[in-house]
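Remarks on the overall topology
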Amino acid sequence: MPVHTSGSSQGSHGRGAGLGLALASALAFGGSGVAAKPLIEAGLDPLHVVWLRVAGAAVVMLPLAVRHRALLRRRPALLAGFGLLAVAGVQACYFAALSRIPVGVALLVEYLAPALVLGWVWFVQRRPVSRAAALGVVLAAGGLACVVEVWSGLSFDPLGLLLALGAACCQVGYFVLADQGSEAGEGAPDPLGVIAYGLLVGAAVLTVVARPWTMDWSVLAGSAHLNGTAVPAFALLTWIVLVATVVAYITGVLSVRRLSPQVAGVVACLEAVIATVLAWVLLGEHLSAPQVLGGAVVLVGAFIAQSSTPAKGSAEPVATGGAERELSARGTAA
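For clarity, every value in this text was computed on a predicted model and none was experimentally measured.

What counts and what doesn't
- Residues numbered from 1 in each chain as written.
- Predicted model: local features only at pLDDT ≥ 70, side-chain atom pairs only at ≥ 80, totals over all residues.
- Heavy atoms only, no water.
- Pairing = 2+ DSSP bridges.
- Helix = DSSP H or I, 4+ residues; strand = E, 2+ residues; numbered from the N terminus.
- Disulfide = S-S within 2.5 Å.
- Phe/Tyr/Trp six-rings, centres within 6.5 Å; stacked < 30°, edge-to-face > 60°.
- Buried < 20%, exposed > 50% of the residue type's maximum accessible area, 1.4 Å probe, protein only.

Brief notes about the pairing of strand β2 (residues 229–232)
Bridging between strand β1 (residues 223–226) and β2 involves four bridges; their strand directions are antiparallel. Along β2, the bridge assignment pairs Ser223 with Pro232. Connecting β1 to the next strand, β2, in antiparallel fashion are two residues, including Asn227 with a positive phi near 55°.

So this is what it looks like as structure tokens:
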């Protein structure tokens, strides 16, 4: 009996820490748009901002890549997949979608990723999903529809929607790949090493796509305006690189390893709420009543999904760590 209690306590602590990390990741990711928008308005191309973000973070994480260079031999497929999907794929597809469809629509489609994660577990891994977890995803998606006011832009471009869906699929890859090896103990690939090499791969891919040699570098030496207040452009870029990318990816991957891809994915939906609130406070983009209501619904959905999902290793039906352990085992065997 005491042993069972201790295990339960440790499990609860692990899930609590995982939830805290997921919230920190959502906060860090959510702050990227508020810092990036002034840079774009100052004259930088959106794709160039993405390249600066990923390339800068790759440079910061380079010492960790050198330290964990053994991963290149042990898990090359994981590193390449994380870089292509979780870094370059999400960013490139999302920004390409923005050029064809409204921002709110693109964001909503991208954040269908938690539902797609559950679909992966249900259809591909053949594991049942609890009704409560599914309800949490439905509520989160519905709340997001209110937060981004999807009804304000319903003239869809088919290619734009396809690109946004591509971003959602890449985000699924982020949550699934981030969980790789989480149950392998000391043999699990170090998450910091995976992130470091993922950023390096993503930076290499985005260099070809963004063509940074055509960028107006002088913008970074000037100022950008944050709700009428002049802010050094380089300071905004520093925030994007260090907080919205390095801290965001580290806390995000660690949260997936403590929770599960689908639970962390639902909590990540809070990024849209956080981004909207920050835009309200820092950019003067005020929230409407439906957006406030939608934010509350997203919070409820995330809480239901998180609280209804058993700990990793549980036999209860929900997409939890057990499914990802099978995936990790197949990845290790490969």
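Focus: the state of the cysteines
In total, this model carries zero disulfides according to the counting rule given. Just so you know, Cys93 is unpaired, no disulfide at all, and the nearest cysteine sulfur is the one on Cys170, 4.6 Å from it. As a non-bridged cysteine, Cys169 has Cys170 as the owner of its nearest cysteine sulfur, 7.0 Å distant.

Re the packing of aromatic side chains
Counted by the stated rule, this structure contains three aromatic pairs. Pairing Phe29 with Tyr249 gives two aromatic rings, centres 5.2 Å apart and planes at 80°, and the pair type is edge-to-face. Of this pair, Phe29 sits in helix α1 (residues 2–41) while Tyr249 sits in helix α11 (residues 233–258), placing them 220 residues apart in sequence. When sorted by exposure, Phe29 lands in the same class as Tyr249, which is buried. Judged by centre distance (6.3 Å) and plane angle (65°), the ring pair of Phe82 and Tyr249 falls under edge-to-face. You can see Phe82 sitting in helix α5 (residues 76–98) and its partner Tyr249 sitting in helix α11, a full 167 residues away along the chain. An aromatic cluster is built from Phe29, Phe82 and Tyr249, whose rings are joined through pairwise contacts.

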